[in-house]
Amino acid sequence: MEHRQEGSEAAALRSHIRTHGGNLESAMALHPEAPRPWIDLSTGINPVPYPVGPLPAETWTRLPSGAALADLMAAAAFAYGAADGAMVAAAPGTQALIQLLPRLMPARRVAVLGPTYGEHAAAWSAAGAAVATVTTVDALADADVAVVVNPNNPDGRVVAPDRLLMLSTSLARHGGRLVVDEAFADGLAGVSVVPRLDDPAARGMVVLRSFGKTYGLAGVRLGFAVADAPTAAAIRQALGPWAVPGPALTIGRAALRDGDWLAGAMARLVADAARLDGLLAAAGLTPLGGTPLFRLAEAPEGADVWFDRLARAGILTRPFDYAPTWLRFGLPGDAAAWGRLEAALRG
């Protein structure tokens, strides 16, 4: 027999679940009858993480060194295709950078290509900017700051680097700047604009890169801003000393140089994403796109129907307030998780 939360409490829990992926505690409170352990498919995080292994004791006991930070920046430049480590600023996660940029790039009018990750609009609004969510790249050109998530979350839309450079040029004519969030660009050929940041058209552009998603280590809290060297230096100065802890430095330096692991991980993720699309289609959902780390599907009868059905089976997915028929799925991490998802989709 179900013992579901009702009324305003249930509404509050559902609202929390729609705010971000990973709100497992709210889902468990909403569906206490669900079997344990839950399978969290509400985020776009690689379920098979990079193998960290034991860390040297000094990563925990010493302040992070300048040399280790410089080596991490060089590793990030290598991994992302930047010309030099001086173009990189390392931070405790890209969320920290999203909240920092409004302080470094004051703006009255901000345009965000959406719908997309909600924290961009929230950070600029909190800084006092008037934020508009627009649906075309052309509509970004008049803003003081334009934000593009590329590939987009949650639908995987991609804006080509050439188009981003054209947009950057248009913005620069009136002193505007472009922020590109490439949190899900790892391993996708031809998507990232980072290798083009030495183009004069890209001057002032800031590109954000997430470490934890592709490498499956969200708890490490590591992210990067990549930009021209003066902009990157300004971001590093604003972050202050020891912004990235020693364990994150050590893990990031190793992982970002491990191209063989990344190639193998991407091959698996691409295959698993195609497998997931097949399962969703067989269940009567319509795959709408995504990235190798997550898939977006449309439920004609409404996403809440499927969200609750899956939650009763202990599987957390991600619904959206602004698209009541959309449901986003991360990838299962092992055979048992795949089996539970397939059974729940079949009903």
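Computed from a predicted model, the values in this text were never measured in an experiment. (Residues numbered from 1 in each chain as written. Predicted model: local features only at pLDDT ≥ 70, side-chain atom pairs only at ≥ 80, totals over all residues. Heavy atoms only, no water.)

This brings us to the overall build of the protein. What the protein contains, in helices and strands, is 12 helices and 13 strands. Here the C-alpha radius of gyration of the protein, 20 Å, is about what a compact globule of 347 residues would show, namely 20 Å. If you line up the protein on its principal axes, its C-alpha atoms span 60 × 50 × 35 Å. Counting over 347 residues, the protein shows a buried share of 51%. Treating the 29 positive side-chain charges of the protein as one cloud and the 32 negative ones as another, the clouds have centres 3 Å apart. (Helix = DSSP H or I, 4+ residues; strand = E, 2+ residues; numbered from the N terminus. Rg over C-alpha atoms; globule rule 2.2 N^0.38 Å. Buried < 20%, exposed > 50% of the residue type's maximum accessible area, 1.4 Å probe, protein only. Lys, Arg positive; Asp, Glu negative; His and termini not counted. Charge placed at Lys NZ, Arg CZ, Asp CG, Glu CD.)

Our next topic: the pairing of strand E8 (residues 223-227). Burial within E8 is extensive, with 5 of its 5 residues counted as buried. Here E8 shows two buried faces, one formed by Gly 223, Ala 225 and Ala 227 and the other by Phe 224 and Val 226. Pairing geometry for strand E2 (residues 88-91) and E8, over 4 bridges, is antiparallel. Paired with Ala 91 across the bridge in E8 is Gly 223. Summarising the sheet, strand E7 (residues 206-210) and E8 pair through 5 bridges and their orientation is antiparallel. (Pairing = 2+ DSSP bridges.)

This part covers the side chain of Arg 328. By the secondary structure assignment, Arg 328 is in strand E13 (residues 326-330). Buried charge without a salt bridge: Arg 328, with Asp 40 as the nearest opposite-charge side chain at an N-O distance of 7.7 Å. Engagement of the side chain of Arg 328 in a polar contact is seen with the side chain of Asn 153, the distance being 2.7 Å. (Salt bridge = Lys/Arg side-chain N within 4 Å of Asp/Glu carboxyl O. Polar contact = N/O pair within 3.5 Å; in protein donor to acceptor, adjacent residues only side chain to side chain.)

Across the 5 residues that make up strand E6 (residues 177-181), a large majority, 4, are buried. Of the pairings in the sheet, the one linking strand E5 (residues 145-149) to E6 comprises 5 bridges and is parallel in character. Bridge pairing in E6 places Val 145 opposite Arg 177. Handedness of the β-α-β unit built from E5, helix H7 (residues 161-172) and E6 comes out right-handed. Bridging between E6 and E7 involves 3 bridges; their strand directions are parallel. Residue pairing in the sheet places Val 179 in a bridge with Val 206 of E7. (Right-handed = clockwise from strand over helix to strand, strands pointing away.)

Taken as a whole, the protein shows an average pLDDT of 95; of its residues, 97% reach a score of 70 or greater. Across residues 1-5, where pLDDT falls below 50, the model places 13 contacts with residues more than four positions away in sequence or in other chains. (pLDDT = per-residue confidence, 0-100. Contact = heavy atoms within 4.5 Å.)

Within the structure shown, the criterion is met by 10 salt bridges. Ionic pairing is found between Arg 253 and Asp 71, a salt bridge with its closest N-O pair at 3.0 Å. In this pair, Arg 253 is assigned in helix H9 (residues 246-256) and Asp 71 in helix H4 (residues 66-80), connecting sequence segments 182 residues apart. Accessibility expressed as a relative area gives 26% for Arg 253, which makes it partly exposed. Its relative accessible area of 25% is what places Asp 71 among the partly exposed residues. A salt bridge links Asp 272 to Arg 268; its shortest N-O distance comes to 3.9 Å. You can see Asp 272 and its partner Arg 268 sitting in helix H10 (residues 259-282), 4 residues apart, about one turn around the helix. Because the salt bridges share partners, they merge into one network encompassing Asp 71, Arg 253 and Arg 257.

The next subject is the packing of helix H11 (residues 303-312) against helix H12 (residues 335-346). Close contact between H11 and H12 brings their axes to 9 Å; oriented N to C, the two are set at 130°. Taken as axis vectors, H11 and H12 run oblique relative to one another. Between H11 and H12 the crossing geometry is right-handed. Taking contact as the criterion, the partners of Trp 306, Arg 309 and Leu 310 in H11 are, on H12, Leu 341, Ala 344, Leu 345 and Arg 346. For the contact of H11 with H12, the per-class residue count stands at 5 nonpolar, no polar and 2 charged. (Axes fitted to C-alpha atoms, helices over the stretch in contact; angles between N-to-C directions. Parallel < 35°, antiparallel > 145°, perpendicular 65-115°, else oblique. Left-handed = near helix turned anticlockwise from the far one by under 90°. Nonpolar A, V, L, I, M, F, W, Y, C, P; charged D, E, K, R; others polar.)

We now examine H11. Along H11, the residues that are buried comprise Ala 303, Trp 306, Phe 307, Asp 308, Leu 310 and Ala 311. At the exit of H11 stands Gly 314, carrying a positive phi of roughly 75°.

Look at H7: 16 Å from first C-alpha to last across 12 residues, which is about the 16 Å you get at 1.5 Å a residue. Each element contacted by the buried residues of H7 is listed here: E5 and E6. (Expected span 1.5 Å × (residues − 1).)

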